[in-house]
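# Close look at the chain arrangement
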Amino acid sequence: MLHIYCPHCGEMREEEEFHCAGEAHIARPTDPDALTDEQWAQYLFFRKNPRGLHHELWIHATGCRKFFNATRHTVTYEIKETYKIGEQPQVVEQGGNA
């Protein structure tokens, strides 16, 4: 069983209390009405699916119910770090971006 650190509660909790909510750091379009159907579909449905480090949005569903970000390795499933929304990740692939 994984234990995940909630940056809001400040403690490690069992993975059953959390849910992954998809890719982190996706900026919402400032003017959605100006987007083409293709651009809107790109924003809504297409996400990265890397082999390696991935920044994800998580929620502490049965705890504080707050969202936070996590950097997880998609091959080993190891969570490298967790951090609050608005903060930048400290763990990034060499030569890569968050």
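Data block above holds the structure.
Quick summary incoming for the structure in this document. (Residues numbered from 1 in each chain as written. Predicted model: local features only at pLDDT ≥ 70, side-chain atom pairs only at ≥ 80, totals over all residues. Heavy atoms only, no water.)

## A word on the state of the cysteines
For the coordinates displayed, the defined rule picks out zero disulfides. C9 takes part in no disulfide bond, and the closest cysteine sulfur to it belongs to C64, at a distance of 3.7 Å. On the basis of relative accessibility, which here comes to 33%, the residue C9 falls in the partly exposed class. (Disulfide = S-S within 2.5 Å. Buried < 20%, exposed > 50% of the residue type's maximum accessible area, 1.4 Å probe, protein only.)

## Thoughts on the nonpolar core
Judged by nonpolar contacts, I4, C6, F18, W58, F68 and A70 together constitute the single largest core of six residues. Those elements giving two or more residues to this core turn out to be β1 (3–6) and β5 (67–73). Not counting residues up to four positions away in its chain, the partners in contact with F18 are I4, C6, R13, W58, I59, H60, A61 and F68. (Core = buried A, V, L, I, M, F, W, Y, C linked by side-chain atoms within 4.5 Å. Helix = DSSP H or I, 4+ residues; strand = E, 2+ residues; numbered from the N terminus. Contact = heavy atoms within 4.5 Å.)

## A look at the pairing of strand β6 (residues 79–84)
Relative to β6, β5 is paired through five bridges, and the arrangement is antiparallel. If you follow F68 over to β6, its bridge partner there is K84. (Pairing = 2+ DSSP bridges.)

## Section: the packing of aromatic side chains
Taken as a whole and judged by the stated rule, the model has two aromatic pairs. With a centroid separation of 5.8 Å and 90° between ring planes, the pair formed by F18 and F68 is classed as edge-to-face. With F18 in the loop between β2 (11–14) and β3 (19–23) and F68 in strand β5, the pair connects residues that are 50 residues apart, well separated along the chain. Centre to centre, the rings of W40 and Y43 are 5.4 Å apart; their planes meet at 35°, and the pair counts as tilted. Highlighted residues: W40 and Y43, both in helix α1 (residues 37–45), separated by three residues, approximately one helical turn. The exposure class of W40 is partly exposed, given its relative accessible area of 28%. Taking relative accessible area as the criterion, Y43 reaches 19% and is therefore assigned buried. In this arrangement the basic side chain of R47 is found over the ring face of Y43, its NZ or CZ atom lying 5.8 Å from the centre. (Phe/Tyr/Trp six-rings, centres within 6.5 Å; stacked < 30°, edge-to-face > 60°. Lys NZ or Arg CZ within 6 Å of the ring centre and 35° of its normal.)

## Observations concerning a nonpolar patch on the surface
Taken together, the side chains of L44, F45 and F46 make up a nonpolar region of the molecular surface, amounting to roughly 350 Å² of accessible area. Structurally, L44 can be placed in helix α1. By relative accessible area, which is 36% here, L44 ends up partly exposed. (Patch = residues over 30% accessible without salt bridge, like charges linked within 9 Å, V, L, I, M, F, W, Y side chains within 5 Å. Areas by Shrake-Rupley, 256 points an atom, 1.4 Å probe, with all protein chains shown as cover. Salt bridge = Lys/Arg side-chain N within 4 Å of Asp/Glu carboxyl O.)

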